[in-house]
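# Notes for the structure review
Each chain, letter by letter, is given below.
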Amino acid sequence: MDVNNLEDQLSGLFSDLEDGPESVESEENELTPPQSGAAGGVQPASSELTALSDSVRPDTFVENSPAVLFRWRAAEGWPVEYVSENVAQFGYEPERLLTGEIAIASIVHPDDIERVVGEIKGYSKQGVDHFRQTFRIVTTGRAVRWADAWMAIKRDDTGWITHYQGLIFDITEHKRAEDALQESRVLYQSSLDALPQN
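One structure accompanies this document, and this report is about it.

Thresholds, definitions, all that
- Residues numbered from 1 in each chain as written.
- Predicted model: local features only at pLDDT ≥ 70, side-chain atom pairs only at ≥ 80, totals over all residues.
- Heavy atoms only, no water.
- Pairing = 2+ DSSP bridges.
- Helix = DSSP H or I, 4+ residues; strand = E, 2+ residues; numbered from the N terminus.
- Axes fitted to C-alpha atoms, helices over the stretch in contact; angles between N-to-C directions.
- Contact = heavy atoms within 4.5 Å.

A word on the pairing of strand 4 (residues 80-83). Pairing of strand 3 (residues 67-73) with strand 4, which is carried by 3 bridges, proceeds in the antiparallel orientation. When the bridges of strand 4 are listed, Arg71 appears paired with Tyr82. Once strand 3 ends, the chain turns through 6 residues before running back antiparallel as strand 4, passing Gly77 with a positive phi of about 85°.

In structure tokens form, the structure reads like this:
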């Protein structure tokens, strides 16, 4: 996934479903329906396509994925305007984030918050519109989870920052595997260093 194209990817998610099946222009410049067996086989009937597009929506896709979608205003306290329901994987209820009962910054680990805020401020001042961050999230059960955030900064026509939005992925298992691998390397090197020299 390319961070620079994140906004386009999010905006265009499932947009092809809205247009319905592609038509094919014949030599007589008449629109004809796609043929059976063409790129993807038999096309569903119009009512079936409508039912499919009604049931497969971007929000449904995100809700059933490990990615949590966030959008907050560039204002004091970073008021959350949108958070996907699957933020529940960290123990948080979306409503509590949306009402401001829980501040979005408060879910970031205390040892990471200063760095995270500093990076966001730095990217904002430098005019960077897409970036990634890795940090820890503290769940409601006080467990610590690692997060990889793909972020986009939204600006108005004058360049003023209006919103921050992005996808947050839980990468805890990946980080644990990296840490275990690093420990193995250190142990292996220590064992080699302990061997008698000739």
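Having seen the structure, we can now continue with the description.
Looking now at the sheet that holds strand 6 (residues 144-155). If you walk across this open sheet you meet the 5 strands as 4-3-7-6-5, and the pairing is antiparallel. The open sheet is flanked by strand 4 and strand 5 (130-138), the only strands paired with a single partner. Each neighbouring strand pair of the sheet contributes to a mean axis angle of 25°, computed without reference to strand direction. Pairing of strand 5 with strand 6, which is carried by 9 bridges, proceeds in the antiparallel orientation. Following the sheet pairing, His130 is matched in strand 6 by Ala152. Most of the contacts of helix 6 (residues 113-126) go to strand 5, to which it runs at about 165°, and overall it touches strand 5, strand 6 and strand 7 (161-170).

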